[in-house]
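Spelled out, the chains give:
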Amino acid sequence: ERSCIPTTQELLEPAVAELVYGIADDWGMSSPNEAAGDYDLVVVLGGLIRANVNRSALAAQLLGDALVKAPNVAALAGSRQLGPGEIELARQIGCPVDTEEESLAWGMARAFGTSASSWTSSSPGIDALSDTGDRVVMCGTAPTPGTGGRADTQTAFQWLLGAVPGITTSTSRVLCVTSAIYWIDGHIRLLTQLPVGCELVTTGTAGVNADPLLAQTYLSQQYLQ
C-alpha cells in the first residue's frame, strides 16, 4: 500500500531520483493544477485518512473563496477498514471513525463547517449534508465489487453516476479534487466514465499542511509508484 512506502529516505540512486523529480515537475505531479471557474460538479476522491481530510479541505477552500462555483459536490469513497497506522492518526486528530467512508465524511463535514451528525441518507450509499445552503454536498460509498476488496476510483465513479442520475450530462464541467501526485491517474479514471463532451479539470493537494500530522512527504519512490 502507498502508506507502507518509506518517506524518510530515498530508495533510488541519486541520478534516477533526479530524473523522477524532473518528470514529476513536468507532469504537474508536485504542485496542483490551477482550478477556477464555474463547474456543474466537484468530485472529491477518497483514499487514506490524510487524503480524505486534506482533499476535503481543498475543495471547501476553493468553493469558500469563490475561486470555484458548483451546485453539486460529491465526495467518493470505497468501503474499507482503516489500517493500524490510519486508526492511530485518526485518534491523534480527533477523528472518531474506523473506515475510509466514515473518515471522508468526517473530513468533509469538518471542511464545510458542519457537524458529523449533519449527514442524512438520501439514497442507498449516498448521504447528504443538511446545512450547506443552496449547494448539495454529498458523500457516496461505492459498494464492494464482486471480486472483493475496495472499489477502485474508476469503479466507484461509475457507480456514482448511476446512483445519482443526471449528475452529469454531455455538457457538464467537472472538477476532480485528489492529490497532485495522483492527478493523472484520477483524471484518466474519471474521464473514461464521463459522458462524451464533458469537460474535466483535475487538481490536488501537494502534501503541505500546517498540522504536521496531516502533512505528506513525497520522495522519488512515491512519484515513481
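No experiment lies behind these values; they were computed from the predicted model shown.

**Quick notes on the side chain of Gln222**
- In this structure, Gln222 sits in helix H7 (residues 220-224).
- Polar side-chain contacts of Gln222 include one of 3.0 Å to the backbone oxygen of Pro6.
- Filtering out sequence-adjacent residues up to four positions away, Gln222 remains in contact with Ile5, Pro6, Thr7, Ile181 and Thr217.

**Brief notes about the packing of aromatic side chains**
- Under the defined criterion, the tally for this structure stands at two aromatic pairs.
- Between Tyr21 and Tyr223 the ring centres are 6.0 Å apart and the planes differ by 75°, which places this aromatic pair in the edge-to-face class. Taken as a pair, Tyr21 in helix H1 (residues 14-26) and Tyr223 in helix H7 lie far apart in primary sequence, 202 residues in all.
- Within the aromatic cluster, the residues linked to one another by ring pairs are Tyr21, Tyr218 and Tyr223.
- The positively charged end of Arg173 is found above the aromatic ring belonging to Tyr39, 4.4 Å away from the centroid.

**Digging into the side chain of Thr153**
- Mapped onto the elements, Thr153 comes out in helix H5 (residues 153-163).
- The contacts of Thr153, once residues within four sequence positions are left out, are Leu45, Arg189 and Leu190.

**Let's talk about the nonpolar core**
- Of all hydrophobic cores here, the largest spans 26 residues; its most connected members are Val42, Val44, Val73, Met108, Phe112, Trp119 and Leu175.
- For this core, the secondary-structure elements that each account for two or more residues are strand S2 (41-45), helix H2 (49-64), strand S4 (72-78), helix H4 (100-111), strand S7 (136-142) and strand S8 (173-179).
- Contacts of Met108, omitting those with residues within four sequence positions, involve Val44, Ser56, Val73, Ala75, Trp119 and Val137.
- If you look at the next biggest cluster of nonpolar residues, it comprises 22 residues, including Leu41, Leu76, Trp159 and Leu190.

**A few points about the sheet that holds strand S6 (residues 126-129)**
- Strand order in the open sheet made by the seven strands is S5-S6-S7-S4-S2-S8-S9, with mixed pairing throughout. Every interior strand has two partners, whereas the edge strands, strand S5 (119-123) and strand S9 (199-205), have only one. Within the sheet, the average angular offset between the axes of one strand and its neighbour, ignoring direction, is 25°.
- As paired strands, S2 and S4 are joined by four bridges and run parallel to one another. Following the sheet pairing, Leu45 is matched in S4 by Leu76.
- Its contacts with the sheet put H4 on S2, S4, S5, S6 and S7, and the angle it makes with S4 is roughly 150°.
- In this fold helix H6 (residues 183-191) packs onto S2, S8 and S9, with an angle of close to 150° to the strand it touches most, S9.

**Some details on the environment of Ala111**
- Structurally, the position occupied by Ala111 is in helix H4.
- Looking at Ala111, the relative accessible area reads 27%, which means it is partly exposed.
- Spatially, the C-alpha atom of Ala111 lies 16 Å from that of Ala215, the residues being 104 residues apart in sequence.

**Digging into the packing of H2 against H4**
- Across the interface, H2 lies against H4 with an axial gap of 8 Å and an inter-helix angle of 30°. It follows from the interaxial angle that H2 and H4 lie roughly parallel. Note on packing geometry: the crossing formed by H2 with H4 is right-handed. In this structure, H2 uses Ile49, Asn52, Val53, Ser56, Ala57 and Ala60 to contact H4, whose residues at the interface are Glu100, Ser103, Leu104, Trp106, Gly107, Met108, Arg110 and Ala111.
- Here the contact of H2 with H4 is built from residues that sort into eight nonpolar, four polar and two charged.

**Quick look at the pattern of salt bridges**
- Under the definition given, this model contains seven salt bridges.
- Across the pair Arg80 and Glu86 runs a salt bridge whose closest N-O atoms are separated by 2.8 Å.
- A relative accessible area of 9% places Glu86 in the buried class.
- Measuring nitrogen to oxygen at the nearest pair gives 2.8 Å for the salt bridge that ties Glu100 to Arg80. Of the two residues, Glu100 sits in helix H4 while Arg80 sits in the loop between S4 and helix H3 (84-93), which places them 20 residues apart along the sequence.

Definitions and limits used
- Residues numbered from 1 in each chain as written.
- Predicted model: local features only at pLDDT ≥ 70, side-chain atom pairs only at ≥ 80, totals over all residues.
- Heavy atoms only, no water.
- Helix = DSSP H or I, 4+ residues; strand = E, 2+ residues; numbered from the N terminus.
- Polar contact = N/O pair within 3.5 Å; in protein donor to acceptor, adjacent residues only side chain to side chain.
- Contact = heavy atoms within 4.5 Å.
- Phe/Tyr/Trp six-rings, centres within 6.5 Å; stacked < 30°, edge-to-face > 60°.
- Lys NZ or Arg CZ within 6 Å of the ring centre and 35° of its normal.
- Core = buried A, V, L, I, M, F, W, Y, C linked by side-chain atoms within 4.5 Å.
- Buried < 20%, exposed > 50% of the residue type's maximum accessible area, 1.4 Å probe, protein only.
- Pairing = 2+ DSSP bridges.
- Axes fitted to C-alpha atoms, helices over the stretch in contact; angles between N-to-C directions.
- Parallel < 35°, antiparallel > 145°, perpendicular 65-115°, else oblique.
- Left-handed = near helix turned anticlockwise from the far one by under 90°.
- Nonpolar A, V, L, I, M, F, W, Y, C, P; charged D, E, K, R; others polar.
- Salt bridge = Lys/Arg side-chain N within 4 Å of Asp/Glu carboxyl O.

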